[in-house]
Amino acid sequence: MFKTVDDFIHSFKTCLMNNFASGPSCSIQEKHDQLIAEIRASEVTPEEKEICLQNVERAYRMIKQDLFGREEEEWKLK
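Definitions and limits used
- Residues numbered from 1 in each chain as written.
- Predicted model: local features only at pLDDT ≥ 70, side-chain atom pairs only at ≥ 80, totals over all residues.
- Heavy atoms only, no water.
- Helix = DSSP H or I, 4+ residues; strand = E, 2+ residues; numbered from the N terminus.
- Buried < 20%, exposed > 50% of the residue type's maximum accessible area, 1.4 Å probe, protein only.
- Contact = heavy atoms within 4.5 Å.
- Expected span 1.5 Å × (residues − 1).
- Arc of directions from axis to C-beta.
- pLDDT = per-residue confidence, 0-100.
- Core = buried A, V, L, I, M, F, W, Y, C linked by side-chain atoms within 4.5 Å.

So, about the environment of Ile 28. Among the secondary structure elements, Ile 28 is positioned in helix α2 (residues 28-41). In this structure Ile 28 comes out as buried when scored by relative accessible area, which is 10%. The sequence separation of Ile 28 and Lys 64 amounts to 36 residues, and the corresponding C-alpha distance is 8.5 Å. If sequence neighbours within four positions are ignored, Ile 28 has contacts with Phe 12, Leu 16, Tyr 60, Ile 63, Lys 64, Leu 67 and Phe 68.

In a regular helix each residue adds 1.5 Å, so 14 residues correspond to 20 Å; α2 covers 20 Å between its end C-alpha atoms and thus fits that length. Listed in full, the buried residues belonging to α2 are Ile 28, Lys 31, His 32, Leu 35, Ile 36 and Ile 39. Each buried residue of α2 lies within a common arc of 135° when the element is viewed along its axis, so the set occupies one face. Across α2 from its buried face, at more than 90 degrees, point the exposed residues Arg 40 and Ala 41.

The next point concerns the confidence of the model for the protein. With 86% of its residues at a pLDDT of at least 70, the protein reaches an overall mean of 86. Ranking the elements of the protein by mean pLDDT puts helix α4 (residues 72-75) last with 58 and α2 first with 95.

A few words now on the nonpolar core. In terms of nonpolar packing, the biggest core is built from 14 residues, with Phe 8, Phe 12, Ile 39, Val 56 and Ala 59 touching the most fellow members. Only α1 (5-21), α2 and α3 (46-68) provide two or more residues apiece to this core. Examining the composition of this core, we find that six residues originate from one element, α3, more than from any other.

In structure tokens form, the structure reads like this:
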């Protein structure tokens, strides 16, 4: 089941592009939640699940940064 960060980025991008081209829309948060649920429900080793969960989180952060720029905390002055 090992899915790479690129696999998950593709899933997020497909979700976004389908919003412009077809039926019911899907937010990236909804897609994130769906992917997490699928990983947790999968019948693979805990190590594989952990790797996939880390990859989906990295992909989610990367997509959000591409779409919205830096995280709010990064904008705060210190």
